[in-house]
Amino acid sequence: MSESSTSNRSENRPSGGASGEQGGGRSEPARRGSGGGPAGSRGRTTIADGVVQKIAGMAARDVVGVHAMGGGMARTFGAVRDRVPGGGQSSSVTRGVKAEVGEVQTALDLEIVIDYGVSISDVARSVRENVVSAVERMTGLEVVEVNIAVSDVRLPDEEDDDEDDQDRPRLQ
């Protein structure tokens, strides 16, 4: 085969496709249509810290033994803010939760108030498991750590700051 016929054949192909094999043109449309990978891997998804904070806050509150989220001052200001029109319910969901979100991993810090009489280590383990499960399932991020700080214990005779928390369903 002459050199000129080989070069004519390869001019119509993408670079790297001048092998001279029969039927080489069939692979060209497949390459163009694939765009470099499956549709689910094209583009980029970013997840805001606040999204992970809400998911983690909801998951932590679902655990039996968790009375509230956040430290004393945060709960006081949050209770006032929740009663002000426009204060927003979303702020109470993220109260006591801090998230650091990277491209594929996240780390969480939670501050909780537990009910008197429950095992702190058991509640912390359950919170950690529930938060990791919910965040990884919903975001696809790997949770590298969930740090839990128990800031208070809710005694049975104390007034309840979070009246709306009493009727919520809890996991056991």
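Residues numbered from 1 in each chain as written. Predicted model: local features only at pLDDT ≥ 70, side-chain atom pairs only at ≥ 80, totals over all residues. Heavy atoms only, no water.

An unreviewed UniProt entry annotates the protein as Asp23/Gls24 family envelope stress response protein of Streptomyces diacarni. Recorded in UniProt for the protein, the comment headed Sequence similarities (unreviewed entry) runs: "Belongs to the asp23 family." (UniProt positions renumbered as here; feature names shortened; annotations may be inferred.)

Draft legend 1. Spotlight on the environment of Val143. Note on placement: Val143 falls in strand S4 (residues 142-154). Exposure remark for Val143: the relative accessible area of 10% places this residue in the buried category. Put simply, Val143 and Ala107 are 36 residues apart on the chain and 5.8 Å apart in space, counted from C-alpha to C-alpha. (Helix = DSSP H or I, 4+ residues; strand = E, 2+ residues; numbered from the N terminus. Buried < 20%, exposed > 50% of the residue type's maximum accessible area, 1.4 Å probe, protein only.)

Draft legend 2. Seen up close, the layout of surface pockets. The space that makes up the second largest pocket amounts to roughly 250 Å³. Taken together, Arg44, Thr45, Thr46, Ile47, Val101, Gly102, Glu103, Val104, Thr139, Gly140 and Leu141 make up the lining of the second largest pocket. Classifying every residue of the lining of the second largest pocket by side-chain character gives four nonpolar, five polar and two charged. (1 Å grid on protein atoms, 1.4 Å probe; cavity = no way out; pocket = protein on both sides within 12 Å on 5 of 7 lines; lining within 4 Å. Points joined across faces, edges and corners; volume = space filled by probe spheres on them. Nonpolar A, V, L, I, M, F, W, Y, C, P; charged D, E, K, R; others polar.)

Draft legend 3. Layout of the pattern of salt bridges. Using the criterion set out here, one finds two salt bridges in the structure. One salt bridge connects Glu100 with Lys98, and the closest N-O pair in it is separated by 3.3 Å. The closest approach of N and O atoms between Arg125 and Asp122, which form a salt bridge, is 3.3 Å. Taken together, the positions of Arg125 and Asp122, both in helix H6 (residues 120-139) and three residues apart, correspond to about one turn of that helix. Arg125 sits in the partly exposed class, given a relative accessible area of 41%. (Salt bridge = Lys/Arg side-chain N within 4 Å of Asp/Glu carboxyl O.)

Draft legend 4. How the structure looks around the nonpolar core. Core analysis: the largest hydrophobic core is formed by 24 residues, its most contacted members being Leu108, Leu110, Val127, Val131 and Val135. Counting only elements with at least two residues in this core, the list comes to helix H3 (49-61), strand S1 (66-69), strand S2 (97-101), strand S3 (105-115), H6 and S4. Among the elements that take part in this core, H6 stands out by supplying six residues, more than any other. Once you skip the residues sitting within four places of it in the chain, Val131 turns out to touch Ala56, Ala59, Ala60, Leu108, Leu110 and Val146. (Core = buried A, V, L, I, M, F, W, Y, C linked by side-chain atoms within 4.5 Å. Contact = heavy atoms within 4.5 Å.)

Draft legend 5. Structural context of the confidence of the model for the protein. Taken as a whole, the protein shows an average pLDDT of 77; of its residues, 60% reach a score of 70 or greater. Confidence drops under pLDDT 50 across residues 2-29; counting only partners more than four residues distant or on other chains, this segment forms 12 contacts. (pLDDT = per-residue confidence, 0-100.)

Draft legend 6. Fine view of the pairing of S4. Where S3 and S4 come together, 11 bridges link them in parallel fashion. Within S4, the residue paired with Ile112 across the bridge is Val150. In this fold, S3 hands off to H6, which returns the chain to S4; that crossover is right-handed. (Pairing = 2+ DSSP bridges. Right-handed = clockwise from strand over helix to strand, strands pointing away.)

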